[in-house]
Amino acid sequence: MRLKIAIVLAVLGLLVLGTGIGQRTIWLPPSTLTAAVPADVKAAPAVKTSPLTVIGPGVLKTHDGKFTLTVKSDGPIQLAVGRVDDVFGWVDDAAYTTIGAASDDFSELNVESTPGVEKVPNPSGSDLWVSEEKATGELTYTWQAPGRGDWALLVSSDGTAPAPIDISVTADNDAATPWAVPLMIIGSALLALAALLFFIAPRKPKQAQAVAGRRAAGRTPADPATGALEVDKIVASRRNRAPAAADGTAADSAAQDSAAQDSAAPDSAATDSAAPDSAADAKLPTADATSALPATLTKKDTGIPAEADSKPDAAPGSKPDAAPGSKPNAAPGSKPNPEPNSKDDSGHDAGSNGGTPSGAAATDASPGTTKGATKDDSTKGAEKDPAKDAKKNDGKAKFTAPAAQLRTVKNSVKARWGAILAAALLAGSISPAVAADPTTPAPEPSASVPASELASGAPAASEDPAAAAFPNLLDSQVERISASVAAVVASGDNAKNAKELSPRVAGMALAVRTSNYKIRAKVAEHPAIEPVDATKMLAKVVTTTRTWPRSAMLVTQGENNELPQLLTLVQASPRENYKLIQATPLLPGQTFPKVDKEGTQAVPLDSAEGLIFSPKSAIAVLSDRLTTSKSKYKDSFNDSVYISSVLDLQKKIVADAKDASYVFSHKGDLDSAVAMRTADGGAMVVVGNNFGIAATSKDEATLKVGEDAAVFTGGRETVKGFTLNYAEPIVMYIPPAGDGKITVLSATRNLVSGKFK
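Quick summary incoming for the structure in this document. (Residues numbered from 1 in each chain as written. Predicted model: local features only at pLDDT ≥ 70, side-chain atom pairs only at ≥ 80, totals over all residues. Heavy atoms only, no water.)

1. Quick word on the sheet that holds strand β11 (residues 565-571)
Here's step 1: Strand order across the open sheet formed by four strands is β9-β10-β11-β12, with antiparallel pairing between neighbours. Each edge of the sheet is formed by a strand with only one pairing partner; in this case those strands are β9 (537-542) and β12 (579-585). Taken pair by pair, the neighbouring strands of this sheet meet at an average axis angle of 15 degrees, ignoring direction.
Here's step 2: Where β11 lies against β12, six bridges are found, and the strand directions are antiparallel. In the strand pairing of β12, T568 is matched with Q582. (Pairing = 2+ DSSP bridges. Helix = DSSP H or I, 4+ residues; strand = E, 2+ residues; numbered from the N terminus. Axes fitted to C-alpha atoms, helices over the stretch in contact; angles between N-to-C directions.)

2. Digging into the side chain of R625
Here's step 1: Looking at the element boundaries, R625 is found in helix α20 (residues 615-627).
Here's step 2: For R625, which is buried and forms no salt bridge, the nearest opposite charge comes from D639, at a distance of 6.3 Å.
Here's step 3: The residues touching R625, leaving out its near neighbours within four places in the chain, are S631, Y633, K634, F637, I643 and L647. (Buried < 20%, exposed > 50% of the residue type's maximum accessible area, 1.4 Å probe, protein only. Lys, Arg positive; Asp, Glu negative; His and termini not counted. Salt bridge = Lys/Arg side-chain N within 4 Å of Asp/Glu carboxyl O. Contact = heavy atoms within 4.5 Å.)

3. Some remarks on the pattern of salt bridges
Side chains carrying opposite charge are able to pair once their charged atoms draw close together.
Here's step 1: Applying the stated criterion across every chain, the model contains 12 salt bridges.
Here's step 2: A salt bridge links D150 to K61, with the shortest nitrogen-to-oxygen separation between them at 2.9 Å. Here D150 is found in the loop between β6 (131-142) and β7 (151-156), whereas its partner K61 is found in the loop between α4 (57-60) and β3 (67-83), with 89 residues between them in sequence.
Here's step 3: Residues R546 and D86 are paired through a salt bridge, measuring 3.1 Å at the closest nitrogen-oxygen approach. One end of the pair, R546, is in the loop between β9 and β10 (550-556); the other, D86, is in helix α5 (residues 84-91), and 460 residues separate them in sequence. The residues R546 and D86 share a single accessibility class, namely buried.

4. Focus on the pairing of strand β18 (residues 721-734)
Here's step 1: The element β18 is extensively covered by neighbouring structure, given that 13 of its 14 residues are classed as buried.
Here's step 2: Pairing analysis gives 14 bridges linking strand β15 (residues 683-697) to β18, with the strands arranged antiparallel. Across the sheet, M684 pairs through a bridge with Y733, a residue of β18.
Here's step 3: Where β18 meets strand β20 (residues 750-756), six bridges bridge the pair, whose relative direction is antiparallel.

5. A closer look at helix α18 (residues 475-495)
Here's step 1: Compared with the 30 Å implied by 1.5 Å per residue over 21 residues, the 30 Å span of α18 between its first and last C-alpha is a close match.
Here's step 2: Turning to α18, its buried residues are Q477, V478, I481, S482, V485, A486, V488, V489, G492 and D493. When α18 is viewed along its axis, its buried side chains cluster within an angular range of 165 degrees and face the same direction. Turned more than 90 degrees away from the buried face of α18 sit E479 and N494, all of them exposed.
Here's step 3: Each element contacted by the buried residues of α18 is listed here: α19 (507-522), β9, β10, β11 and β12.
Here's step 4: K496 sits one or two positions beyond α18 and adopts a positive phi of about 50 degrees. (Expected span 1.5 Å × (residues − 1). Arc of directions from axis to C-beta.)

Below you can see the structure in the form of structure tokens.
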């Protein structure tokens, strides 16, 4: 039976293991899937004429963002990576084609066309893009999100030619084979269990009773000539011995003990060593090796009464001969030691076959018999009618196992099944290691944008500052922009040509350098404007507001800068790059406020939320404080080197003026002012003031101006008067509401214009 079970388990194990291996080999689905723009969509007129193609988050989040994009075109290909609202901000009113998420079977990409302007500027080089890729004919791009948030790709040729539309996405196949590994493990375990059952040797049944009067052999001797068992001789020998056993003349215990040992040799000398005590025993043939009858033969076959063989008489006071390896009888009064778990010479557990173990009849009384009984009591069983017993027992020997031996049998069975289960578990634990299934689907991204939402057009930029969780510029963009600004400024300074500044300089910074170039062209000794050097970045402030204009501030210090510089950059619209509007030195003794590294909010100029002044009010208060030393807002400012220098200059001009009257003004330009929140809840305000000096001649007295001013006025003398204008960029800090004063962090002034009255 065990062999049959092993075969069934082996077949099942092979089938299960083969099924698991098949799922990873011949039935394994393709390793990759490709979704492409349908051919009929490519031929649509609206698609063929669009100058821009937008690949939205629906595609970029495919397979958790792990895919390869292929773009084909007959001409140049440009691919830009940017945030979703930045991409659609740049697209603006242009015609574009939106590539949405793939179909359910990942064979086609959803496409929708939006009409608009068919020619736009070249999007290449925009500060909005985190990175760009360029190619001709074919471009292969492996997507990797540059940071948190939703991203999009903008594909174009040059802004005027139609954008490439032959686009495909290749990703790993998500078709999972989750049962492959479990099936291989289960199949291996079944095979291991089958092998275990194959190699466990079947337990041989023990001889229930020994042959009376003789040492029983473990095996029936074979015919020397034919090798066959002489069964007929054995049966005949037993029949001849039956009368002697019925008369009570057979010896018992020594022969019974030796029958279970399986170690007795079929040699005639071994059979004679039992030393029979009775005459009947002496009549038995001692040299006949066939006299040992296996206990498995029934009494019906031998004709021997059951009781005569199972309960042999014992002489009063005599001890039965102990079989080799068996234990002697216990002393009177001592406890018997059945040792149900002991093993015989053949290696089998004693009592495991359910019959009385060999040696038990010699050492212990049978059930229902008191140990130490007299001869009369012990021979009652022998006087019973053998024919009746044979009829009652249907011609078979009756064996009764003690309760302790039954428990031993149960424990042995449990131990064997425990060994089998332990081997199965061990086989499962040492099964060949299987690599993680690469086709197991990756977890879906936590957020996604439906294709229908993406195809409908550009999502509205968040107006809620709290919802803008990401800075407008990544570190890589800041470094690229600052390097570009520094390079453009250096080029303009070297050439003293303001036209070279236009790509990266605007506002007051452009006016200052333009005027400086003009003055230096005629006044050689006039000092140059301090250079812009971004090689050493000390700090950066980037806003998170998603609308335009956007601003940023960089704190740098180059080799030729005595003091750190505060560079204020502004992006006026999506299609414009960040430009330098102010470059001012950090005043001595001042510390730059702490700002959130993850970006800061832009503060509306008229909002005083959490501040002692709104930015707009602070600009007005500063103008008043700079204009007169008797300003009522004097106590609203901390001591400042710059404020003191301005007041001292104005005081000196007035003191030296004998033939003219002077009027001073400091008017802030609110249109270019920028305010950004600091980490402590305060705000930094950047404003460009126009510092004006208006002189009026008294009694047509002659007034003179300097050589630098003469460049703008056209001469150095006038009898009416003049007006000079200085650019006065200032950065000040407004503390949060509570105790605190405004601090001027950075400021400077440069002559930008002048005229005679």
